[in-house]
Amino acid sequence: MQKLNDLSRSLTALQPDGTLIAVVEMSLSSWLVAGIVPGVERQPVKKLAVDEFALLKLLHRWREEAEKAGRRIERIVVAFEAGRDGFWLARWLKARSVDAYVIHAASVAVSREHRRAKTDRLDSELLKRAFLGWLRGERDHCKMVAIPTVKDEDAKRPNRERESLVGEQNRIINRMKAAMIRLGIRGFNPKLKKAAGRLKDLRTPEGEPIPPNTLAELHRDMERRRLVSTQIRQIEEARLERLVQTPSDGPHAMVCLLARVIGVGTETADMLVQEVLSRNMRDRRAVARYAGLTGSPDESGRKCREKGLARSGNARVRRGMIQLAWRLLMFQKNSALAQWFRARTENARGTRKTMIVALARKLLIALWRLVREGVVPDGVVLRPAQ
């Protein structure tokens, strides 16, 4: 039986004489396609414009060459690295009977020479060797990325857009405060509703009003901040409306269950569900590894040290879980996780920041079990179901 999300090796037997293999080195202006065609001695390489139909036409042409050489092609497999283009090409190829895979870019081993040659042609050869080993079922050649559906990708957009807007709002506020501090004006809150009307009454320490260009800039920044704040509110209202309309939907049911945990808000619950908890993870180690909450040991000979977090996972989940771990200590003081944290940091100075990461990892696994198996963490208090 195939394990969930087991993408470290192929579980389908490779038939070399009946499989056409191709890798695509993708860039902004062109695609470089390298292939292995059964029955053809040469390994063709073709540079194409960014055109999915041209790629499909090339694959069909290579299949015809293999059939002319006496090979019957029963399977076409294509792989490319995860990057700016996302997963649309993989979904498009799958809809046209082509097995498409997306390679995790960080899983491909590269030369550690200080000055090594790097071209699209060399990169395509490297990808081809790694992909061929993966197809043979051998481990550690490379790892594949789970290809989400359009619905799954679209479900992440509100939370990510809100995060971007909140960051933009903070930048606008900091820019306005910096402009005022340069004039010696302190203690003014630009977030207040009547802040725009009070600008003309502000005075510098010299008793002068705000200069006209700076005043115009501040007015524009306040208008921009109001627009961003309105958009944030619209996203939050739309999310609550979706939860009310379809509360029993798979991800929505998970969000409603997580939001019942005292200390977990709807925004955090939605982020965790859309980013990690709704994915088919293999086990608890895969959950922690995806969040980037695992360590990075450095051991060689007598040297044995820990270099901190690997930071190779989802940064949004990692930041959110560390913040949530601090909130757990405030709102769930009697939980087993909070008691575990206090027992290990009570008499050990300088360990709270290190142990909060361990607490975040344990908390994420506990929440994963809560939404998957319905197991409530020991001592965690839930709000009454509505």
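Data block above holds the structure.
Parameters at a glance
- Residues numbered from 1 in each chain as written.
- Predicted model: local features only at pLDDT ≥ 70, side-chain atom pairs only at ≥ 80, totals over all residues.
- Heavy atoms only, no water.
- Helix = DSSP H or I, 4+ residues; strand = E, 2+ residues; numbered from the N terminus.
- Rg over C-alpha atoms; globule rule 2.2 N^0.38 Å.
- Buried < 20%, exposed > 50% of the residue type's maximum accessible area, 1.4 Å probe, protein only.
- Contact = heavy atoms within 4.5 Å.
- Core = buried A, V, L, I, M, F, W, Y, C linked by side-chain atoms within 4.5 Å.
- Phe/Tyr/Trp six-rings, centres within 6.5 Å; stacked < 30°, edge-to-face > 60°.
- Lys NZ or Arg CZ within 6 Å of the ring centre and 35° of its normal.
- Pairing = 2+ DSSP bridges.
- Axes fitted to C-alpha atoms, helices over the stretch in contact; angles between N-to-C directions.
- Polar contact = N/O pair within 3.5 Å; in protein donor to acceptor, adjacent residues only side chain to side chain.
- Arc of directions from axis to C-beta.
- 1 Å grid on protein atoms, 1.4 Å probe; cavity = no way out; pocket = protein on both sides within 12 Å on 5 of 7 lines; lining within 4 Å.
- Points joined across faces, edges and corners; volume = space filled by probe spheres on them.
- Nonpolar A, V, L, I, M, F, W, Y, C, P; charged D, E, K, R; others polar.

## Concerning the overall build of the chain
Line of reasoning, step 1. Check the secondary structure of the chain and you find 12 helices and seven strands.
Line of reasoning, step 2. In terms of overall size, the chain is more extended than a compact globule, its C-alpha atoms giving a radius of gyration of 27 Å where 386 residues would be expected to give roughly 21 Å.
Line of reasoning, step 3. Taken along the three principal axes of its C-alpha coordinates, the chain extends 90 × 55 × 55 Å.
Line of reasoning, step 4. Going through the 386 residues of the chain one by one, you find that 39% of them count as buried.
Line of reasoning, step 5. At a minimum sequence separation of 6, the contacts of the chain that also span at least 24 residues come to 61%.

## Re the nonpolar core
Line of reasoning, step 1. Grouped together as the largest cluster of nonpolar side chains are 41 residues, with contacts concentrated most on L258, L272, L277, M321, L359 and L364.
Line of reasoning, step 2. Secondary-structure elements contributing two or more residues to this core are α7 (250-259), α8 (266-277), α9 (284-290), α10 (315-331), α11 (336-345) and α12 (352-373).
Line of reasoning, step 3. L20, I76, L89 and V102 belong to the second-largest nonpolar core, a separate cluster that totals 27 residues.

## Comments concerning the packing of aromatic side chains
The description of an aromatic ring pair uses the distance of the two centres, along with the angle that the planes make with each other.
Line of reasoning, step 1. Counted under the stated rule, the structure contains six aromatic pairs.
Line of reasoning, step 2. Ring geometry for W31 versus W88: centroids 6.4 Å apart, planes at 40°, classification tilted. Here the residue W31 occupies a position in strand β2 (residues 30-36), and W88 occupies one in helix α2 (residues 88-94), the gap between them amounting to 57 residues.
Line of reasoning, step 3. Classification of W88 by relative accessible area gives partly exposed; the value is 30%.
Line of reasoning, step 4. Taken together, the ring pairs connect Y101, F131 and W134 into an aromatic cluster.
Line of reasoning, step 5. Taking the ring centre of Y101 as reference, the NZ or CZ of K94 above it sits at 5.6 Å.

## Considering the sheet that holds strand β5 (residues 99-103)
Line of reasoning, step 1. Taken together, five strands build an open sheet; the order of strands is β3-β2-β1-β4-β5 and the sheet is mixed. If you trace the sheet from one side to the other, it starts and ends with β3 (45-49) and β5, each paired once. Ignoring strand direction, the axes of neighbouring strands in this sheet form an average angle of 25°.
Line of reasoning, step 2. Pairing geometry for strand β1 (residues 19-26) and β2, over six bridges, is antiparallel. From the neighbouring strand, A22 faces β2, where its bridge partner is G35.
Line of reasoning, step 3. Packed onto the sheet, helix α1 (residues 52-68) meets β1, β2, β3 and β4 (75-81) and runs at close to 20° relative to β2.
Line of reasoning, step 4. Sitting on the sheet, helix α3 (residues 120-135) touches β1, β2, β3, β4 and β5, and the angle it makes with β1 is about 140°.

## Focus: unusual backbone geometry
Line of reasoning, step 1. Notably, S97 is not glycine yet its phi reads approximately 65°, a positive angle.
Line of reasoning, step 2. Here S97 lies in the loop between α2 and β5.
Line of reasoning, step 3. Classification of S97 as exposed rests on a relative accessible area of 69%.
Line of reasoning, step 4. Positive phi is not limited to glycine here, since D140 has a value of about 70°.
Line of reasoning, step 5. Note on placement: D140 falls in the loop between α3 and α4 (150-182).
Line of reasoning, step 6. Residue classification places D140 among the exposed residues on the basis of a relative accessible area of 67%.

## Observations regarding the environment of E208
Line of reasoning, step 1. Along the chain, the position of E208 falls in the loop between α5 (195-198) and α6 (212-245).
Line of reasoning, step 2. Look at E208 and you get partly exposed, because its relative accessible area is 48%.
Line of reasoning, step 3. Taking the C-alpha atoms as reference, E208 lies 66 Å from E373; in sequence the two are 165 residues apart.
Line of reasoning, step 4. Ignoring sequence-local partners within four residues, the contact set of E208 consists of L202 and R203.

## Brief notes about the side chain of S10
Line of reasoning, step 1. Relative to the helices and strands, S10 is located in the segment before β1.
Line of reasoning, step 2. A distance of 3.3 Å separates the side chain of S10 from the backbone nitrogen of T12, its partner in a polar contact.
Line of reasoning, step 3. Setting aside anything within four residues of it in sequence, one finds S10 in contact with W134, L135 and G137.

## Remarks on α7
Line of reasoning, step 1. Among the residues of α7, those classed as buried are H252, M254, V255, L258 and A259. For α7, the angular spread of buried residues about the axis comes to 155°, placing them on one side.
Line of reasoning, step 2. Here the buried face of α7 lies against α6, α8 and α12.

## Brief notes about the pairing of strand β7 (residues 303-309)
Side-chain positions along a regular strand alternate between the two faces of the sheet.
Line of reasoning, step 1. Sheet topology note: the strand β6 (residues 295-300)/β7 ladder contains five bridges and is antiparallel. By the bridge assignment, S300 is partnered in β7 with K303.
Line of reasoning, step 2. Hairpin connection from β6 to β7: two residues lie between these consecutive antiparallel strands, with G301 at a positive phi of about 65°.

## A closer look at the layout of surface pockets
Line of reasoning, step 1. Approximately 780 Å³ is the volume found for the second largest pocket.
Line of reasoning, step 2. Lining the second largest pocket are 31 residues, with P148, T149, D152, S278 and R279 positioned closest to its centre.
Line of reasoning, step 3. Only β5, α4, α6, α7 and α8 provide two or more residues apiece to the lining of the second largest pocket.
Line of reasoning, step 4. The dominant element in the lining of the second largest pocket, judged by the number of residues it contributes, is α4, at six residues.
Line of reasoning, step 5. Partitioned by chemical class, the residues of the lining of the second largest pocket number 14 nonpolar, seven polar and 10 charged.

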